[in-house]
Amino acid sequence: MSTVTGILTVDCGAGREDPETGAVRYWTPPRARYDCWLCGGRDGPVTGSVRVREFVEYYRRDHWARCRPPEAT
């Protein structure tokens, strides 16, 4: 059985590729945020394609190393 421990929300944005340069020109940039239900942490939102990619990679790879649920009182 799996348990949901947080939510990673990613909006890929809206844009169009420039045929001359190959770069994407966004009119709505990509953005992401993370809410951890174990430690209560909230990060983001971050915007921009590079920042979103790095943010998602970090949470998939490293968040568990620093995630500590609050102590029960």
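Below or above, wherever it landed, is the structure these notes cover. Bear in mind that the values here come from a model prediction, so they are computed numbers and not experimental data.

Focus: the sheet that holds strand S5 (residues 42–47)
Strand pairing in a sheet relies on backbone hydrogen bonds, with the paired strands running either antiparallel or parallel.
Next, step 1: Strand order in the open sheet made by the three strands is S1-S4-S5, with antiparallel pairing throughout. The open sheet has two edge strands, strand S1 (6–11) and S5, and neither has a second partner. When the angles between neighbouring strand axes are averaged without regard to direction, this sheet yields 5°.
Next, step 2: Against the sheet, helix H1 (residues 49–61) engages S1, strand S4 (31–36) and S5, with an angle of about 155° to S5.

Comments concerning the pattern of salt bridges
Next, step 1: All told, the structure shown has five salt bridges when counted by the stated rule.
Next, step 2: The shortest N-O distance in the salt bridge between Asp 35 and Arg 33 comes to 3.0 Å.
Next, step 3: Because the salt bridges share partners, they merge into one network encompassing Arg 33, Asp 35 and Arg 42.

What counts and what doesn't
- Residues numbered from 1 in each chain as written.
- Predicted model: local features only at pLDDT ≥ 70, side-chain atom pairs only at ≥ 80, totals over all residues.
- Heavy atoms only, no water.
- Pairing = 2+ DSSP bridges.
- Helix = DSSP H or I, 4+ residues; strand = E, 2+ residues; numbered from the N terminus.
- Axes fitted to C-alpha atoms, helices over the stretch in contact; angles between N-to-C directions.
- Contact = heavy atoms within 4.5 Å.
- Salt bridge = Lys/Arg side-chain N within 4 Å of Asp/Glu carboxyl O.

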